[in-house]
Amino acid sequence: MASALLFASGFGGLARPRETALAFGAVLAVLGTVVLRDVRKSAAECRTTVERLTAKAALLEAESQKNRAALDGLADGLDVWIFLVDAKGDVLYANERAHQVFGRNDLASRSILAATFSRELTEMVQSAAQGQDPPLLEIVFGSPYDKTGMARVWPESPERSHFFVSVTDVTDLRRLERVRRDFVANVSHELRTPMATIRAMAETILDEPEAPVEASRRYLEKVMSEIDRLTRISNDLLALSKAESKPPAQGRVDLSETANAAIQQISAKAKRKGIKTGSDIEPGIIVTGSEEQLTQVLLNLLENAVNYTTEGSVDVALHRVDGSAEFTVVDTGIGIPSEDLPRIFERFYRVDKARSRASGGTGLGLSIVRHIVESHGGKTGVESRLNEGSRFWFTLPLA
Ligand code: ADP
C-alpha cells in the first residue's frame, strides 16, 4: 500500500534514485508514526474498555457471591431442613439444620433416601419429578433421628429438573400434644375414682334407709375423705398450673424461717409415726420469690419423707453452698427403685399407686416442687436406694 501511495503522489516520476529513496523513507516514517499513534490509541482504548469490563464483572461476581452467601445464611438460619435435589433424587444442596439433624457433612453427595432414610420423602420427590404436586406430609424420621417433620416438595423451576424439599421440625409440638393428652386422660382418671366411690356410698345410703347409724356413718366418712381427696387434687392442679404459667412473685423470702415453720408443721405427724426428725438450718438465708410457693415446696418434700418412711428418721438441712441456698431432706424410708427415679418428677407418676393413695398423695407433689423451683431459677434432684432411704434436694439462687 505504501508504494501505491508513493506513485499516486507523483514520486514515481523523480529522476534520482537517492532522493527518491530519502523521500520514500521520510514518507514511510511519517506514515509509521501516524499508524503507530493510532494503533497505540486504539490499544489504550481497548485496554481501558477491557479493564472497565473486568472491574464490572468482578463487581457483579462479588455481588452474586454476596447474594449467594446471604441466601445460604438465610437457609442455614431457618429452623427448617432444606434440600435441593435433582429429578433422580440426588441431593445437590442441604442447609446447616439438615446437616445437624442427619448428622453427616456429606449430604450433598447422597440420594435423599440415603441422606434421610425416609421412603416417604423419596416418594414425594419421585412424584414431583413425574409432574405431580405432592401434598404436605407429616413424616416420622425413625431411629437414629427420632424426629417428626412436616415435609413439602416443590419444583425449583417450571422445567422441573430440580426440586426444593423443606421439612419443618414438629417433634416438640407433637411431644407437647402427647403430654397434654396424657395429662387430660390422667386428670379425668384421678377424678373419676373418688367420684365413683362417692356415688356408690351415696347409693348405698339411699338404698338402705334402715341401715344402722354406725354403718351410715362409715359410708359418710368415706364420702368425706373422697371429697377431701378431690379438693387436694384440684388444689394441686391449681398450684401446678400457677407454677407453670405465671412467673413467681418477687418478694424477699427468709428461707431459713420458712423451713423451720415447715418442719414444725410436719413434726407432729412424724412423732405420731414414731419417726425422729432432725434439722440443721443455717439462719438468715434469703432468696427472692413467692413465700407461699416456696412453703409448698418444703411441705411437699417433708410430707413425702414422712409418708414414705415407716421407721427411722427424717433429717433436714439448709445451707449456703457456692452462692446458692441448698435444701436437703434425707429419710430412712422405703426408697425408690432406680428404674423409677428418672420419672418421679412427672405429673401423676407414682412408684406404688396404692401406697400413694393410702397416704393421701395425688401424684402431683414432686412435679409442683420441680416447677416452682425451676421458675425461681433453681434446680431439684434426688438420690435414693430401695429399702434404704432417699435424699431429695433443691438449690435456689441467694437474693
Ligand atoms: P405423691 O402424691 O404420690 O406422693 P409425688 O409427686 O409427691 O406424689 O411423688 C411421686 C412418687 O415418688 C410417689 O408416689 C412415691 O412413689 C415417690 N416418692 C416421693 N417421695 C418419696 C420418698 N421420700 N421416699 C420414697 N418414695 C418417694
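Residues numbered from 1 in each chain as written. Predicted model: local features only at pLDDT ≥ 70, side-chain atom pairs only at ≥ 80, totals over all residues. Heavy atoms only, no water.

### Quick look at the layout of surface pockets
Considering only enclosed or pocket space, the largest pocket measures out at about 990 Å³ in volume. Forming the walls of the largest pocket are 46 residues, and the residues nearest its centre are Asn300, Glu303, Asn304, Gly361 and Gly365. Of all the elements in the fold, those that place two or more residues in the lining of the largest pocket are helix H7 (213-245), helix H8 (255-272), helix H9 (291-307), helix H10 (353-358), helix H11 (365-375) and strand E12 (389-397). Here the lining of the largest pocket gets 10 residues from one element, more than from any other, and that element is H9. Its residues assigned to classes, the lining of the largest pocket shows 16 nonpolar, 19 polar and 11 charged. In this structure, the second largest pocket spans a volume of roughly 370 Å³. (1 Å grid on protein atoms, 1.4 Å probe; cavity = no way out; pocket = protein on both sides within 12 Å on 5 of 7 lines; lining within 4 Å. Points joined across faces, edges and corners; volume = space filled by probe spheres on them. Helix = DSSP H or I, 4+ residues; strand = E, 2+ residues; numbered from the N terminus. Nonpolar A, V, L, I, M, F, W, Y, C, P; charged D, E, K, R; others polar.)

### Quick word on the nonpolar core
Counting residues in hydrophobic clusters, the biggest one holds 46 residues, and the most contacted among them are Leu255, Leu301, Phe327, Val329, Phe392 and Phe394. Only H7, H8, H9, strand E9 (313-321), strand E10 (324-331), H11 and E12 provide two or more residues apiece to this core. Counting residues per element, this core draws most heavily on H9, which supplies 8 residues. (Core = buried A, V, L, I, M, F, W, Y, C linked by side-chain atoms within 4.5 Å. Buried < 20%, exposed > 50% of the residue type's maximum accessible area, 1.4 Å probe, protein only.)

### Describing the site of the ligand
Around the ligand sit 20 residues in total, of which Asn304, Tyr308, Ser356, Gly363 and Leu366 are the nearest. Between Val351 and the ligand, the recorded distance is 3.1 Å, taken from a backbone N or O atom to an oxygen atom. Starting from 520 Å² of accessible surface for the ligand in isolation, the protein chains cover 97%. Placement of the ligand is best described as lying within the largest pocket. Those elements that provide at least two residues to the shell around the ligand are H9, H11 and E12. The residue makeup of the shell around the ligand, split by class, is 10 nonpolar, 8 polar and 2 charged. (Near = heavy atom within 4 Å. Polar contact = N/O pair within 3.5 Å; in protein donor to acceptor, adjacent residues only side chain to side chain. Areas by Shrake-Rupley, 256 points an atom, 1.4 Å probe, with all protein chains shown as cover. Sits in = over half its atoms within 2 Å of the grid points.)

### Side note on the pattern of salt bridges
Per the counting criterion, the structure on display carries 18 salt bridges. Notably, a salt bridge pairs Arg347 with Glu244, separated by 2.4 Å at the nearest N-O pair. Of the two residues, Arg347 is situated in the loop between E10 and H10 and Glu244 in helix H7; the sequence distance between them amounts to 103 residues. On the accessibility criterion, Glu244 (39% relative accessible area) is partly exposed. Three or more residues are tied together by salt bridges with common partners; here these are Glu138, Arg174 and Glu177. (Salt bridge = Lys/Arg side-chain N within 4 Å of Asp/Glu carboxyl O.)

### Observations regarding the packing of H7 against H11
For the pair H7 and H11, the least separation of the axes is 9 Å and the interaxial angle reads 25 degrees. What the angle tells us is that H7 and H11 run roughly parallel. Seen along the crossing, H7 lies across H11 with a hand that is left-handed. Residue-level inspection shows Asp236, Ala239, Leu240, Ala243 and Glu244 of H7 in contact with H11, the latter providing Ser367, Ile368, His371, Ile372 and Ser375. Here the contact of H7 with H11 is built from residues that sort into 5 nonpolar, 3 polar and 2 charged. (Axes fitted to C-alpha atoms, helices over the stretch in contact; angles between N-to-C directions. Parallel < 35°, antiparallel > 145°, perpendicular 65-115°, else oblique. Left-handed = near helix turned anticlockwise from the far one by under 90°. Contact = heavy atoms within 4.5 Å.)

### Thoughts on the packing of aromatic side chains
Scanning all chains against the criterion turns up 10 aromatic pairs. A centroid spacing of 5.4 Å and a plane angle of 85 degrees characterise the contact between Trp81 and Phe102, whose relative ring orientation is edge-to-face. Here the residue Trp81 occupies a position in strand E1 (residues 80-86), and Phe102 occupies one in helix H3 (residues 96-102), the gap between them amounting to 21 residues. For the residue pair Trp81 and Phe102, the accessibility class agrees, reading buried in each case. Measuring from centroid to centroid gives 5.7 Å for Phe102 and Phe141, while their planes differ by 70 degrees, and the two rings are edge-to-face. Taken together, the residues span a long stretch of sequence, with Phe102 in helix H3 and Phe141 in strand E3 (residues 137-141) at a distance of 39 residues. The pair Phe102 / Phe141 is uniform in exposure class, with both members buried. (Phe/Tyr/Trp six-rings, centres within 6.5 Å; stacked < 30°, edge-to-face > 60°.)

### Some thoughts on unusual backbone geometry
Residue Pro144 follows Ser143 across a cis peptide bond; omega there is 10 degrees. Checked against the element boundaries, Pro144 lands in the loop between E3 and strand E4 (147-155). The backbone of Arg160 sits at a positive phi, close to 55 degrees, despite the residue not being glycine. Inspection of the secondary structure assignment puts Arg160 in the loop between E4 and strand E5 (162-169). Using a relative accessible area of 21% as the deciding quantity, one classes Arg160 as partly exposed.

### Digging into the sheet that holds E10
Spatially, E7-E9-E10-E12-E11 is the arrangement adopted by the 5 strands of the open sheet, whose pairing is mixed. Edge positions in the sheet fall to strand E7 (276-281) and strand E11 (379-385), since each of these pairs with one other strand and no more. Mean inter-strand twist for the sheet, computed between neighbouring axes without regard to direction, equals 10 degrees. The pairing of E10 with E12 spans 8 bridges and is antiparallel. Bridge pairing in E12 links Glu326 to Thr395. This element, H9, spans E9, E10 and E12 of the sheet and lies at about 20 degrees to E10. (Pairing = 2+ DSSP bridges.)

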